[in-house]
Amino acid sequence: MAVSSILSISTFEHVAYAFEPVPFNKIPSAIINTEDDKYEFTADYSLDFGDETKIKHDDHSQLASNMKLDKDDDTLSVEVTCDSNDICDDSLSPENVRVYLVDRGIRDGNIARNSIPLLELEKNDCGSESIEDCAHFDFDIPEDILTKKYKIVVDMVFDEAEWIFINPVRILK
C-alpha cells in the first residue's frame, strides 16, 4: 500500500516503522442502496497495522442522514464510489469487505478496535478484485432481528490496513 509518510522509531536492537494510515481524502465513500433510497457516507476510521498499529479518526466524516433499512427489502446492497482523489485503482485490493450491525449504544472507538458483539450481514472475500468490485454486493437483514436503531458498519480489511465506515440506521418491519 502506498502511504505518503513513514515514521521511524529506533531502539538499540532494531528499527521499527510506523506507517501513517491512509488519509481520509484518499478513501472512497460507502453507499448503501435500498429499493427506495441511496445512502452515502464516508470513513470514520483509517488503521495501519505496520510494526506499530496506528488508528486515525475523522471527526468530520459525512453521515447519511435518516438511514432506514426494511427487513423485507430484497434489493439491499453496498458499494463504494470513488472520485479522482481516491485510491481505487488496481494497485490496492482488500482482503475482504464486511457489512454488519452493532447496537446503537456501542461507542465508535470500540467498533474500530473490534471489541464488540456484532451481527454480520454479509462478508465478501475479495481475492484479487479491485476495491470497487469487491465492495459491491448484496446483503439481507435477518427476519428475526428486532426493529430498532443500530449502527451499520462497512469494514474493508487490507493486508496491513483497514477502513471502517459507521452510520446510524433504523431497521423497519
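Residues numbered from 1 in each chain as written. Predicted model: local features only at pLDDT ≥ 70, side-chain atom pairs only at ≥ 80, totals over all residues. Heavy atoms only, no water.

Undergrad: When you look at the side chain of Asn 124 in this model, what are you seeing that I'm missing?
TA: Secondary-structure assignment places Asn 124 in strand β10 (residues 119-125). Ignoring any residue separated from it by four or fewer positions in sequence, one finds Asn 124 in contact with Glu 95, Asn 96, Val 97, Glu 129, Cys 134 and Phe 137. (Helix = DSSP H or I, 4+ residues; strand = E, 2+ residues; numbered from the N terminus. Contact = heavy atoms within 4.5 Å.)

Undergrad: Just checking my understanding: could you explain the packing of aromatic side chains for this structure?
TA: Two numbers describe a pair of aromatic rings. These are the distance of the centres and the angle of the planes. Summed over all chains, the structure comprises two aromatic pairs. Aromatic pair Phe 41 and Phe 165: ring centres 6.5 Å apart, planes at 85 degrees, arrangement edge-to-face. Residue Phe 41 is found in strand β4 (residues 38-41), and its partner Phe 165 is found in strand β13 (residues 161-172); the two are separated by 124 residues along the sequence. Considered together, Phe 41 and Phe 165 belong to a single accessibility category, that of buried residues. Ring geometry for Phe 158 versus Trp 163: centroids 4.7 Å apart, planes at 55 degrees, classification tilted. Trp 163 matches Phe 158 in its accessibility class, with the two residues each being buried. The ring of Tyr 150 has Lys 148 lying over it, and the distance from NZ or CZ to the ring centre is 5.3 Å. (Phe/Tyr/Trp six-rings, centres within 6.5 Å; stacked < 30°, edge-to-face > 60°. Buried < 20%, exposed > 50% of the residue type's maximum accessible area, 1.4 Å probe, protein only. Lys NZ or Arg CZ within 6 Å of the ring centre and 35° of its normal.)

So yeah, pure geometry; function would need other evidence.
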